[in-house]
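So the chains spell out like this:
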Amino acid sequence: MADFSIDPILAQVQAATGADDRRGVYMETLFDWGDNYSENLAASNDSEESVRARKAISDLWLSYAAMEIALGEHDNAKQVFSDALEDQAASLVAATYIQSAAYYLETDKVGG
């Protein structure tokens, strides 16, 4: 079972060369963690491990969106936020909604 530690994943992202390689690290990990969560933790919704996994998955989606924003890839960022809001685990974390809404409010304000 995954340990849902975000720091080693972020280190892999930083070590990756190029945006596509970084996206690959995010997507591979999010798919693995999502499968692990749905197979092993979704039924135990209130357990400490389930809560920790949901937060880590949300944090990883939000980090992915932040990377896209930093690259100026706003269409990609919007897609990442949309995917995060549809994710079984991340959609249960308030920060997913708060950061998505903040991004949309800011981009609407500046015409993005």
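Our subject is the structure listed above.
Residues numbered from 1 in each chain as written. Predicted model: local features only at pLDDT ≥ 70, side-chain atom pairs only at ≥ 80, totals over all residues. Heavy atoms only, no water.

## Some words on the packing of aromatic side chains
Part 1: Considering all chains together, one arrives at five aromatic pairs under this definition.
Part 2: The interplanar angle of 20 degrees and the centroid separation of 6.3 Å between the aromatic rings of Trp 61 and Tyr 64 together place this pair among those described as stacked. Remark: Tyr 64 and Trp 61 occur in helix α3 (residues 48-70); sequence separation between them is three residues, near one turn of the helix.
Part 3: When its relative accessible area of 6% is taken as the criterion, Trp 61 is described as buried.
Part 4: The rings of Tyr 26, Trp 61 and Tyr 64 are connected pair by pair, giving a single aromatic cluster. (Phe/Tyr/Trp six-rings, centres within 6.5 Å; stacked < 30°, edge-to-face > 60°. Helix = DSSP H or I, 4+ residues; strand = E, 2+ residues; numbered from the N terminus. Buried < 20%, exposed > 50% of the residue type's maximum accessible area, 1.4 Å probe, protein only.)

## Regarding the packing of helix α1 (residues 6-15) against α3
Part 1: In contact at an axis separation of 11 Å, α1 and α3 are set at 20 degrees when each is read in the N-to-C sense. The angle between the axes of α1 and α3 places the two elements in the roughly parallel class. When the axes of α1 and α3 are compared, the crossing they make is right-handed. Here Ile 6, Ile 9 and Leu 10 of α1 lie close against α3, whose contacting residues are Ala 56, Asp 59, Leu 60 and Ser 63.
Part 2: Here the residues of the contact of α1 with α3 are counted per class, giving five nonpolar, one polar and one charged. (Axes fitted to C-alpha atoms, helices over the stretch in contact; angles between N-to-C directions. Parallel < 35°, antiparallel > 145°, perpendicular 65-115°, else oblique. Left-handed = near helix turned anticlockwise from the far one by under 90°. Contact = heavy atoms within 4.5 Å. Nonpolar A, V, L, I, M, F, W, Y, C, P; charged D, E, K, R; others polar.)

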